[in-house]
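Okay, here's what each chain looks like letter by letter:
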Amino acid sequence: MNDTFFLKGNICHTPVKDRLDVHEGAYLLCEDGRCGGIFDAPPPALRAVPVLDYGDCLILPGMVDLHIHASQFAYRGTGMDEQLLEWLQKYTFPEESRYADPAYAERAYRIFADAMDKSATTRAAVFGTIHRDATLCLMDFLEGTGIISYVGKVNMDRDAPPALTEKDADSSAFDTFGFVNAAHKRGYRRTMPILTPRFIPTCSDELLSALSEVRRAYDLPVQSHLSENPEEVMLIKLLMPEAAFYGDGYDRFGLFGGDARTIMAHCVYSSAEEIARIRERGVWIAHCPASNMNLASGIAPIRKYVDGGLRVGLGSDVAGGQTESMFRAMTDAIQVSKLYWRYHDHSARPLSFSESFYLATKGGGSFFGQVGSFEEGFEFDAVVLDDSLAPHPQPLTLQDRVERAVYLGLDRGGIREKFIRGVKRGLDAGTS
Ligand code: GUN
Ligand code: FE
């Protein structure tokens, strides 16, 4: 495929969070995998550039899922009767134990990758399990989808069933070295390793310390969980009494932003001190509204994070969340913010549609660089969406069409094509 081309259609994105910017029947230039501008008509100097005409379709930035567990995809939509710590023991750990079997990993990860391929997601930060070979298998499948992702072999050395507890800190760190080396050797172009200590309850101080060495050696980014559930937060005080607060427990080991580019999922119960540290260290918060509801964790104070200028994206958190759909994550984020406003805090204005769209694209995208918007110089990740499968008796504004497509979940069945860093992934409408 040509490196330089135009997409023609209805181009919609959020360069700033307060407004969905729309360009009807416009031309979006892709040059060597980056956005080259939006034009009403091809400029004379670019007349020879090929045009891919998508008619009346919507052209949106690809969605960024900042937190998803590939290894939990198989049980999504079930086991919703427990809170976090019990849920992990009852459903998550037994399922993740299965990934010791390479044949199971291959079967399950093929299904996961296929669903991601059909989704509107173009970038993702993904958890595997403690198993090195299974996680490499996951990376092979994700590489095949064209999605650009960070994938983590999970580390845990305590408080899990024996089959899911690594022998000790050294062997867990050693295995992680092996995982990162193997991933580098496979020469992926789109799939990168990320350090993934599960959370402090399953990671001893020795393990966090050993992992900080691995991180430094390879300059790895980090992903984990933070202040998701009240019992979990209390547990941290028992397990690591010297930590001033939960996030400090990671920070003491150099696993909390700064040089270590870090995503922390949830942050429902972050104290003022913790929020200040998140800001200081430039940690990305992955807001996972569906998971917050399903595990009855609570509602993250997203207005405070957004208005406070923190780095925030959205995560599906499958299988805490039941679906990989980032359209669903967007609507969930808006809806829970309304309940938060109603029940908790009348000064916390609910998220607007454009703010939620921003979080799902440019907000989370910033973890990957210049990603999640069609501004010049941004990487060219685009989703072509055909909303004609939900016909309407009146002409609608483009803003209304985008909002409606997201609320109606037209990412199922409505995706005509996906471009990632300027490379086209052919998807037939209606195959999902
Ligand atoms: N905290 C530690 N592990 C997990 C997990 O797998 N899912 C969620 N939602 N929270 C966690
Ligand atoms: Fe999670």
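The structure this text deals with has already been given above.
The model shown is predicted, which means the values in this text are computed figures rather than measured ones. (Residues numbered from 1 in each chain as written. Chains lettered and ligands numbered in written order. Predicted model: local features only at pLDDT ≥ 70, side-chain atom pairs only at ≥ 80, totals over all residues. Heavy atoms only, no water.)

**Re the coordination of the iron ion (ligand 2)**
- Coordination of the iron ion (ligand 2) by the protein involves H67 (NE2), H69 (NE2), H225 (NE2) and D317 (OD), with metal-donor separations of 2.0 to 2.3 Å.
- Each of the 4 donor atoms bound to the iron ion (ligand 2) contributes to angles spanning 89 to 175°, and the resulting shape is irregular.
- H69 gets classed as buried once you look at its relative accessible area, which sits at 2%.
- A residue is classified by how much of its surface remains accessible, and H225, at 6% relative accessible area, is buried. (Donors = N, O, S within 2.8 Å, 3.2 Å for Na, K, Ca; no water. Tetrahedral: all angles 85-135°; square planar, octahedral: opposite > 155°, others 65-115°. Buried < 20%, exposed > 50% of the residue type's maximum accessible area, 1.4 Å probe, protein only.)

**With respect to unusual backbone geometry**
- Omega for the bond connecting V318 with A319 falls within 30 degrees of zero, at 10°, which places this linkage in the cis form.
- Of note, the phi angle at A296 is positive, near 50°, even though the residue is not glycine.
- Relative to the helices and strands, A296 is located in the loop between α9 (289-294) and α10 (302-307).
- In the Ramachandran plot, D317 falls in the positive-phi region, its phi being about 45° despite a non-glycine side chain. (Helix = DSSP H or I, 4+ residues; strand = E, 2+ residues; numbered from the N terminus.)

**Some remarks on the side chain of R277**
- Within the fold, R277 resides in helix α8 (residues 272-281).
- A polar side-chain atom of R277 sits 2.9 Å from a polar atom in the side chain of D248.
- Not counting residues within four places of it along the chain, the set of residues in contact with R277 comprises F245, D248, D251 and F256. (Polar contact = N/O pair within 3.5 Å; in protein donor to acceptor, adjacent residues only side chain to side chain. Contact = heavy atoms within 4.5 Å.)

**A look at the sheet that holds strand β13 (residues 284-287)**
- Ordered by their spatial adjacency, 4 strands build an open sheet running β11-β12-β13-β14, and the pairing between neighbours is parallel. Looking at the sheet topology across the chains shown, the edges are occupied by β11 (222-226) and β14 (311-314). Strand-to-strand twist of the sheet, defined as the mean angle between neighbouring strand axes without regard to direction, takes the value 30°.
- Judged from the 4 bridges that link them, β13 and β14 form a sheet pairing that is parallel. Across the sheet, W284 pairs through a bridge with R311, a residue of β14.
- Across the sheet, helix α11 (residues 326-343) touches β13 and β14, and the angle it forms with β14 is around 120°. (Pairing = 2+ DSSP bridges. Axes fitted to C-alpha atoms, helices over the stretch in contact; angles between N-to-C directions.)

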